[in-house]
Amino acid sequence: MIALAFSAVFLPASAGAHSYTLGDIAVGHLWSPPPTASAEGLAVYGPIAVLNREARAHQIVGVSSTIAGKVRFRSAKDGTEQWPSTLVLAPGRPLSLAPWGVHIWLSDIDRAPSAGDSFDLTLDFGKSGTLTVKVVVETATGH
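Thresholds applied
Residues numbered from 1 in each chain as written. Predicted model: local features only at pLDDT ≥ 70, side-chain atom pairs only at ≥ 80, totals over all residues. Heavy atoms only, no water. Helix = DSSP H or I, 4+ residues; strand = E, 2+ residues; numbered from the N terminus. Buried < 20%, exposed > 50% of the residue type's maximum accessible area, 1.4 Å probe, protein only. Contact = heavy atoms within 4.5 Å. Areas by Shrake-Rupley, 256 points an atom, 1.4 Å probe, with all protein chains shown as cover. Pairing = 2+ DSSP bridges. Axes fitted to C-alpha atoms, helices over the stretch in contact; angles between N-to-C directions. Core = buried A, V, L, I, M, F, W, Y, C linked by side-chain atoms within 4.5 Å.

1. Looking at the overall build of the protein chain
- A tally of regular secondary structure across the protein chain gives one helix and 14 strands.
- The 143 residues of the protein chain split such that 39% are buried.
- For the protein chain, contacts bridging at least 24 residues in sequence account for 65% of all contacts bridging at least 6.
- In the form shown here, the protein chain has an accessible surface area of approximately 7500 Å², with 54% of it arising from carbon and sulfur atoms.

2. Looking at the sheet that holds strand β4 (residues 42-44)
- The strand order across the open sheet formed by four strands is β4-β12-β8-β9, and the pairing between neighbours is antiparallel. Edge strands, defined here as strands with exactly one partner in the open sheet, are β4 and β9 (80-82). Adjacent strand axes in the sheet meet at a mean angle of 35 degrees when their direction is disregarded.
- Looking at chain direction, β4 and strand β12 (residues 103-109) are connected through three bridges and run antiparallel.

3. Brief notes about the sheet that holds strand β13 (residues 118-124)
- With mixed pairing, four strands are arranged side by side in an open sheet as β3-β14-β13-β7. The sheet is open, and its two borders are formed by β3 (30-32) and β7 (62-65), each paired with just one other strand. Mean inter-strand twist for the sheet, computed between neighbouring axes without regard to direction, equals 35 degrees.
- Pairing of β7 with β13 involves four bridges; the strand directions are antiparallel. Within β13, the residue paired with Ser64 across the bridge is Thr122.

4. Re the nonpolar core
- In this structure, Val27, Leu30, Val50, Ile104, Leu106, Leu121 and Phe125 are the most contacted members of the largest nonpolar core, which totals 29 residues.
- The element that contributes the greatest number of residues to this core is strand β14 (residues 130-137), accounting for four residues.
- Each residue touching Leu30, except ones within four places of it in the same chain, is listed here: Val44, Tyr45, Gly46, Ala49, Leu97, Leu121, Val133, Lys134, Val135 and Val136.

Laid out in structure tokens, this is it:
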């Protein structure tokens, strides 16, 4: 049921500018807020970022970007910052990337992007393959 509800959100890459698929894994619109002058990194969010439409679990085992020397998963639990090494994609359950939960964190950025820019981000799903997506730099309005 959940998979059906979200299937309309995830169109093939050719049909939607910011939706991608890798087999039964769908990745929706990913975005990043413009960094502030004092920012030590750049976060990547997505309201319904990844959906595993297969019956078995998958994992995101790594992530890289064309603009950052270091890209990791970041989360905060009980006031403590954590850096998970992988993210599990349970069957039929969407994974959201949000400031209050797990998200992607870029550091050692080569150039600070501005609103309206975009950059590549490569998600590594281990044995399932890799998928390169565009991250749009935009304000949080509407997200």
